[in-house]
Structure formats: structure tokens, C-alpha cells
Amino acid sequence: SVNDAVHFWASVDRCRDSDVEPERVSRKLKLTEYKDCAQGSVVKLWTIEGGDHSWPEDIFPAGRRTRSTTDEMMAFFKRFTRQAHGAKGTTGAPAD
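Definitions and cut-offs
Residues numbered from 1 in each chain as written. Predicted model: local features only at pLDDT ≥ 70, side-chain atom pairs only at ≥ 80, totals over all residues. Heavy atoms only, no water. Disulfide = S-S within 2.5 Å. Helix = DSSP H or I, 4+ residues; strand = E, 2+ residues; numbered from the N terminus. Core = buried A, V, L, I, M, F, W, Y, C linked by side-chain atoms within 4.5 Å. Buried < 20%, exposed > 50% of the residue type's maximum accessible area, 1.4 Å probe, protein only. Contact = heavy atoms within 4.5 Å. Pairing = 2+ DSSP bridges. Axes fitted to C-alpha atoms, helices over the stretch in contact; angles between N-to-C directions. Salt bridge = Lys/Arg side-chain N within 4 Å of Asp/Glu carboxyl O. Patch = residues over 30% accessible without salt bridge, like charges linked within 9 Å, V, L, I, M, F, W, Y side chains within 5 Å. Areas by Shrake-Rupley, 256 points an atom, 1.4 Å probe, with all protein chains shown as cover.

Trainee: I keep staring at the state of the cysteines and nothing clicks. Help me out?
Mentor: A complete count under the given rule lists 1 disulfide for this structure. The residue that forms a disulfide with Cys15 is Cys37, at a sulfur-sulfur distance of 2.0 Å. With the S-S bond torsion at 100°, the cross-link from Cys15 to Cys37 turns out right-handed. Linking Cys15 in the loop between helix H1 (2-12) and strand S1 (23-24) with Cys37 in the loop between strand S2 (29-34) and strand S3 (43-48), this pair joins segments that are 22 residues apart in sequence.

Written out as C-alpha cells, the structure is:
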């Protein structure tokens, strides 16, 4: 299930938060976010109420406007880097 997957990643990232409650962000959108994780990592679950299996519309808050799902995903992934296998340093740490 989705909840099992989120709990798996929160465990892998050694998040200290437990039983995080979803926060309503907009009429159709809820955010469950684990922030207190190892090496600055973050685990997020966006829930679109009434959503189906199609690509969502532009519903992510961006100030007084909204932005696309693709832009939201890319902004999240750009915050983190992954080093090559065997490289020294942190993996999954936020990018500067």
C-alpha cells in the first residue's frame, strides 16, 4: 500500500517523526511530511483527494498561484544529490 511505502522510506531515511498526520494544503491536496530524517533527507506523500490514475492538473501551491505536478516533483528531487557507488561523503543529503 502507499502507507506501507511511505513508512518504509521513513524507516530507511531514519526519520524520527512517528505517526505524522496529513496536513490539508488546499481543497484537494494533503501533505504527509517526515522532516526530521538522517542527513537532512525528507519523505513526502502528497494525497490528491478525488484523484484517479491520470496525471494531475496544476494543483500544487506556489504563492498565490499553482504549479504543475512535474515542476513540484523536479523541485523536490533537485534538493538532493546521490553520489556514485563507493564515493565518500553523504548520500541523499540536500544539495546546496
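Trainee: Just to check I follow, could you spell out the nonpolar core for this structure?
Mentor: Note that soluble globular proteins tend to have their nonpolar side chains buried in a common cluster. Counting 7 residues, the largest nonpolar core consists of Val6, Ala10, Cys15, Tyr34, Cys37, Val43 and Leu45. Aside from chain neighbours lying at most four places away, what touches Leu45 is Val2, Asn3, Val6, Lys30, Leu31 and Thr32.

Trainee: Is there a simple way to explain the pairing of S2 in this structure?
Mentor: Every other side chain in a regular strand lies on the same face of the sheet, so the side chains alternate between the two faces. Among the 6 residues of S2, 5 are classified as buried, and the element is accordingly described as predominantly covered. Both S1 and S2 contribute to a ladder of 2 bridges, which runs antiparallel. What sits directly across from Glu23, in S2, is Leu31. In this sheet, S3 lies alongside S2 in antiparallel orientation, the contact comprising 6 bridges. Across the sheet, Lys30 pairs through a bridge with Thr47, a residue of S3.

Trainee: Just checking my understanding: could you explain the sheet that holds S2 for this structure?
Mentor: One key point about sheets: their strands pair by backbone hydrogen bonds, in either a parallel or an antiparallel sense. In space, the 3 strands of this open sheet follow the order S1-S2-S3, with antiparallel pairing throughout. Each having just a single partner strand, S1 and S3 make up the two edges of the open sheet. Each of S2 and S3 is contacted by H1, which is oriented at about 160° to S3, the strand it contacts most.

Trainee: Can you help me understand the pattern of salt bridges in this one?
Mentor: Oppositely charged side chains can pair when the atoms bearing their charge come close. One pass over the structure, following the stated rule, counts 6 salt bridges. Two residues, Asp36 and Arg16, come together in a salt bridge whose shortest N-O distance is 3.0 Å. You can see Asp36 sitting in the loop between S2 and S3 and its partner Arg16 sitting in the loop between H1 and S1, a full 20 residues away along the chain. The network of salt bridges with shared partners includes Arg24, Lys30 and Glu49.

Trainee: What exactly am I supposed to notice about a nonpolar patch on the surface here?
Mentor: A cluster of nonpolar side chains, contributed by Phe8, Trp9 and Val12, occupies part of the molecular surface with about 320 Å² of accessible area. Tracing the backbone through its elements, the reader meets Phe8 in helix H1.

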